[in-house]
Amino acid sequence: ATPTAVMVATGKGASQGVLIKGGSALEKAHKVKAVVFDKTGTLTVGKPEVIHSRPFSSFSLQEVCDLAAAAEAYSEHPISKAMVEYANKLHSKYGSTKDRTMDAKDFEVHPGAGVGAVVCGEVVLVGNKRLMLASNIPISLEVENYVVETEKLARTCVLVALNGEISGAFSVSDPVKPEAGQVVSFLRSMGITSIMVTGDNQATATAISREVGIDAVFAETNPAGKAEIIKDLQGRGWTVAMVGDGINDSLALAAADVGMAIGAGTNVAIEAADVVLMKSNLEDVVTAIDLSRKTLSRIR
Ligand code: ADP
Ligand code: MG
């Protein structure tokens, strides 16, 4: 495309809330064969809520919630916010919400898995089953059943280990964005394959992908794994777009031919992307590809 055509298209995109950084993304977007979507905060609303919980050790549910929230208070992850909010609904043995952050030390983020901290002398680990297994924390049959039942319902199960013992399980629900299904079927009509990548488990990911009509799912992927999937697709000669919102998506956004960040997402994702969807509406994935198609066909 000529510099003028790129400028016109960029301006048109901007007026529709689709910010395109540089001409290269615009030049590539019309060739996109696959759109890879992150799940949490991209296909889903990204405002997860704890809707059920169960304590599993001698700690009370309140204690488990408070200790978990103290560790989660340092993380920006949407699940962290859900856990903190849930704990805030309950009274606290370990002090007020404000004090919680003060009591936590040795905070650690395990990207795509959870968080850890030492809170009031208790070693707290919050995250998925994979994180617990990786930390050699035994999973009882009772806990395993809770996980399975939660995931069947397209929910995410968050486990809390205190001093190396599973002490609570939380069922977290994050509804799919209302436009997600339509966007995926529209992309299909454009000859574009839709793929989901997520750090979440296979069962939850599959349940959500069925709801949206996604063609293929890669679950339990870490940030580097997400980027690997993009590179594999590119290795087949495909031009690939990635849509994501999180820190955990930034490697994949950078690896993609066209990285698209959800406007409401984290700054790290926005910086790594070529296109920013300011309205955070998935319909604008189509807007961006369409704009490129129109811009490039006008030149030919
Ligand atoms: P996605 O790829 O869907 O955006 P992430 O890669 O951020 O998801 O996280 C993958 C999974 O890791 C989550 O579904 C959750 O089980 C777990 N997880 C990640 N961060 C946290 C956290 N801060 N607290 C609890 N669980 C977490
Ligand atoms: Mg996300």
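Residues numbered from 1 in each chain as written. Chains lettered and ligands numbered in written order. Predicted model: local features only at pLDDT ≥ 70, side-chain atom pairs only at ≥ 80, totals over all residues.

Peer 1: Could you clarify how one ought to interpret the sheet that holds strand 5 (residues 114–119) in this entry?
Peer 2: The strands making up a sheet associate through backbone hydrogen bonding, with each pair oriented either parallel or antiparallel. Taken in spatial order, the six strands line up as 3-8-7-6-5-4 in an open sheet, and their pairing is antiparallel. Two strands close off the open sheet at either side, each with one partner strand: strand 3 (49–55) and strand 4 (104–110). Averaged over all pairs of adjacent strands, the angle between strand axes in this sheet comes to 15°, irrespective of strand direction. Relative to strand 8 (residues 165–173), strand 3 is paired through six bridges, and the arrangement is antiparallel. From the neighbouring strand, Val50 faces strand 8, where its bridge partner is Val172. The sheet contacts of helix 5 (residues 78–88) involve strand 3, strand 5, strand 6 (122–127), strand 7 (156–162) and strand 8, and relative to strand 3 the element is tilted by about 65°. (Pairing = 2+ DSSP bridges. Helix = DSSP H or I, 4+ residues; strand = E, 2+ residues; numbered from the N terminus. Axes fitted to C-alpha atoms, helices over the stretch in contact; angles between N-to-C directions. Contact = placed C-beta atoms within 7 Å.)

Peer 1: I would appreciate a short explanation of the environment of Thr204 in the present structure.
Peer 2: With respect to the helices and strands, the residue Thr204 is situated in helix 10 (residues 202–212). Judged by the 25 C-beta atoms lying within 10 Å of it, Thr204 is buried. Separated by 187 residues in the primary sequence, Thr204 and Gly17 have C-alpha atoms spaced 31 Å apart. Residues within four places of Thr204 in sequence aside, it is in contact with Glu151, Ala154, Arg155 and Thr156. (Buried ≥ 20, exposed ≤ 12 C-beta atoms within 10 Å, placed from the backbone.)

Peer 1: How should I be thinking about the site of ligand 1 in this particular structure?
Peer 2: Around ligand 1, a shell composed of 23 residues is seen, among which Thr40, Gly112, Asn128, Gly199 and Asp200 lie nearest. Residue assignment for the shell around ligand 1 shows that the elements contributing at least two residues are helix 3 (39–43), helix 5, strand 5, strand 6 and strand 7. The biggest single contributor to the shell around ligand 1 is helix 3, with three residues. Its residues assigned to classes, the shell around ligand 1 shows five nonpolar, 14 polar and four charged. Shared between two domains, the shell around ligand 1 takes at least three residues from each, and those domains are domain 1 (3–45 + 176–299) and domain 2 (49–173). (Near = placed C-beta within 6 Å. Nonpolar A, V, L, I, M, F, W, Y, C, P; charged D, E, K, R; others polar. Domains from an automatic or database assignment.)

Peer 1: I'm lost on the sheet that holds strand 10 (residues 216–218) in this one. Help?
Peer 2: Taking strand neighbours across the sheet as the criterion, the seven strands line up as 1-13-12-11-2-9-10 in an open arrangement whose pairing is mixed. Only two strands of the sheet have a single partner each, and these edge strands are strand 1 (18–20) and strand 10. Each adjacent strand pair in this sheet contributes to an overall mean axis angle of 20°, direction not counted. Here three bridges tie strand 1 to strand 13 (residues 275–277), and the two strands are oriented antiparallel to one another. Considered in strand 13, the bridge of Leu19 is made with Val276. Together, strand 2 (32–38), strand 9 (193–197), strand 10 and strand 11 (239–244) form the strand contacts of helix 11 (residues 223–235), whose direction differs from that of strand 11 by roughly 160°.

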